[in-house]
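Residue strings, one per chain:
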Amino acid sequence: MLSEGRGVARHCAVWGSPIGHSLSPVLHRAAYAALALHHWSYERREVDEASFADAFAGLDETWVGLSLTMPLKEVALRAATTVTRVAAVTGAANTLVRDADDSSGWTAHNTDVHGLTTALRLAGCTDPTSLLVIGSGATARSAIATLAPGGRVVLMVRHRVRPETLAQAEAAGLTVETVGLGEWAAGAEVDAVVSTVPPASVPDLDGFPVATHRDHRPVVLDAVYGSGETRLQRTARERGWSVAEGTDMLLHQATEQVRLMTGHDAPLGAMADALRVALRDRRDEP
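These numbers were taken from a predicted model, which means no experiment stands behind them.

1. What about the overall build of the protein?
(1) Moving on: Scanning the protein from N- to C-terminus turns up 10 helices and 12 strands.
(2) Moving on: What you see for the protein is a C-alpha radius of gyration of 19 Å, in line with the 19 Å of a compact globule of 286 residues.
(3) Moving on: By principal-axis analysis of the C-alpha atoms, the protein measures approximately 60 × 40 × 35 Å.
(4) Moving on: With 286 residues in all, the protein has 52% of them scored as buried.
(5) Moving on: Excluding contacts between residues fewer than 6 apart, the proportion of contacts in the protein whose partners are at least 24 apart in sequence is 65%.
(6) Moving on: In the protein, which carries 26 positive and 34 negative side-chain charges, the distance between the mean positions of the two groups comes to 2 Å.

2. Some words on the packing of aromatic side chains
(1) Moving on: This model, assessed by the stated rule, comprises 6 aromatic pairs.
(2) Moving on: On the basis of an interplanar angle of 55 degrees and a centroid distance of 5.2 Å, the ring pair of phenylalanine 56 and tryptophan 106 is categorised as tilted. One end of the pair, phenylalanine 56, is in helix H2 (residues 49-57); the other, tryptophan 106, is in strand S6 (residues 106-109), and 50 residues separate them in sequence. With respect to class, phenylalanine 56 is no different from tryptophan 106; both count as buried.
(3) Moving on: Relative to tryptophan 241, the ring of phenylalanine 208 lies with its centre 4.9 Å away and its plane at 55 degrees, an arrangement referred to as tilted. Of the two residues, phenylalanine 208 sits in the loop between strand S10 (192-195) and strand S11 (219-222) while tryptophan 241 sits in the loop between helix H8 (231-238) and strand S12 (242-244), which places them 33 residues apart along the sequence. Summarising the burial analysis for this pair, phenylalanine 208 and tryptophan 241 share the class buried.

3. Thoughts on unusual backbone geometry
(1) Moving on: Cis geometry is found at the peptide bond from serine 17 to proline 18, where omega equals 0 degrees.
(2) Moving on: On the secondary structure map, proline 18 appears in the loop between strand S1 (10-16) and helix H1 (24-34).
(3) Moving on: Here the bond from methionine 70 into proline 71 is cis, since omega is 5 degrees, no more than 30 degrees from zero.
(4) Moving on: One can find proline 71 in the loop between strand S3 (63-68) and helix H3 (73-79).
(5) Moving on: Of note, alanine 36 is a non-glycine position whose phi angle comes to about 60 degrees, a positive value.
(6) Moving on: Residue placement: alanine 36 occurs in the loop between H1 and strand S2 (40-46).
(7) Moving on: What makes alanine 36 partly exposed here is its relative accessible area of 43%.
(8) Moving on: At aspartate 127, a residue that is not glycine, the phi angle is positive and equals roughly 50 degrees.

4. Details of the pairing of strand S9 (residues 175-180)
(1) Moving on: Summarising the sheet, strand S8 (residues 152-157) and S9 pair through 6 bridges and their orientation is parallel. Bridging from a neighbouring strand, valine 157 pairs with glycine 180 of S9.
(2) Moving on: Once you follow S8 into helix H7 (residues 163-171) and on to S9, the crossover reads as right-handed.

5. Observations regarding the pattern of salt bridges
(1) Moving on: Summed over all chains, the structure comprises 12 salt bridges.
(2) Moving on: We note a salt bridge from glutamate 74 to arginine 162, for which the minimum N-O separation is 2.6 Å. On the criterion of sequence distance, the pair formed by glutamate 74 in helix H3 and arginine 162 in the loop between S8 and H7 is long-range, its members being 88 residues apart.
(3) Moving on: Relative accessible area serves as the criterion here: at 29%, arginine 162 is assigned to the partly exposed category.
(4) Moving on: Note that glutamate 245 and arginine 237 form a salt bridge whose closest N and O atoms lie 3.0 Å from each other.
(5) Moving on: Since its relative accessible area comes to 28%, glutamate 245 is described here as partly exposed.
(6) Moving on: We classify arginine 237 as partly exposed; its relative accessible area is 38%.
(7) Moving on: Through salt bridges with shared partners, a single network forms among Glu74, Arg141, Arg162 and Glu164.

6. What to know about the nonpolar core
(1) Moving on: Counting 24 residues, the largest nonpolar core has Val133, Val153, Val219 and Leu221 as the members making the most contacts within it.
(2) Moving on: Taken together, the elements giving at least two residues each to this core come down to helix H5 (112-122), strand S7 (130-134), helix H6 (138-144), S8, S10 and S11.
(3) Moving on: Setting aside anything within four residues of it in sequence, one finds valine 219 in contact with Leu120, Ala123, Cys125, Asp191, Ala192, Val193, Trp241, Ser242 and Ala244.

Basis of the calculations
- Residues numbered from 1 in each chain as written.
- Predicted model: local features only at pLDDT ≥ 70, side-chain atom pairs only at ≥ 80, totals over all residues.
- Heavy atoms only, no water.
- Helix = DSSP H or I, 4+ residues; strand = E, 2+ residues; numbered from the N terminus.
- Rg over C-alpha atoms; globule rule 2.2 N^0.38 Å.
- Buried < 20%, exposed > 50% of the residue type's maximum accessible area, 1.4 Å probe, protein only.
- Contact = heavy atoms within 4.5 Å.
- Lys, Arg positive; Asp, Glu negative; His and termini not counted.
- Charge placed at Lys NZ, Arg CZ, Asp CG, Glu CD.
- Phe/Tyr/Trp six-rings, centres within 6.5 Å; stacked < 30°, edge-to-face > 60°.
- Pairing = 2+ DSSP bridges.
- Right-handed = clockwise from strand over helix to strand, strands pointing away.
- Salt bridge = Lys/Arg side-chain N within 4 Å of Asp/Glu carboxyl O.
- Core = buried A, V, L, I, M, F, W, Y, C linked by side-chain atoms within 4.5 Å.

What follows is the structure, given as structure tokens:
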């Protein structure tokens, strides 16, 4: 994080493709307002893998932070000069922060793991030992990183698990199972189900298991947000599961980004209020 400077403009943004749906500007701008960072700005920009290198090279020294969404979490990792342990383990960076002591350097962070861990905990799933993860991309690897060594992960995929995701799980000492889309029997005894794919891609919910845990309710987290209640969430509630909102993951990964980019503790209440209003307004759109 660069020094704020007195009256010096500082720029941050969220990049990805598509990017028009992103609520990250709502969260970061609310944080800047609450922290009285009047010379800070946060924008969204359509950037894909092919255009990332040129866009990144074009940033001047007033740019201090980037949030990265799909499909940039892996290319951003390769662009960094320093990579944190969590970003290295997951092979994915959703955050780039300019180095304070070397303005030409950028550090790659993965705050998705913090967001996932917090969202699961708020829904009652603390220190999970077993997960069923739908998908095997960058967000799936962040979900896997919430498990301690010795845990169990079931990867539900259409074709085959991405090799880097399988390698991460095996390196962490996890027991790994692979099932096809809609093969829900393997999820009957997991602590949580985390979906990292578009809601319409989750099939055959008639077979989704009824919660049978005696000591706690298992949790479903649908990481894709913005379209209201998903079929997976609705089915989970009907069958006795708790539901962790994807917007909780979004909020808490953003609070960590604000801390990393600005050097200030994030104003959680102000950010949560702004997110709540934005979601209400989005629901009310014709």
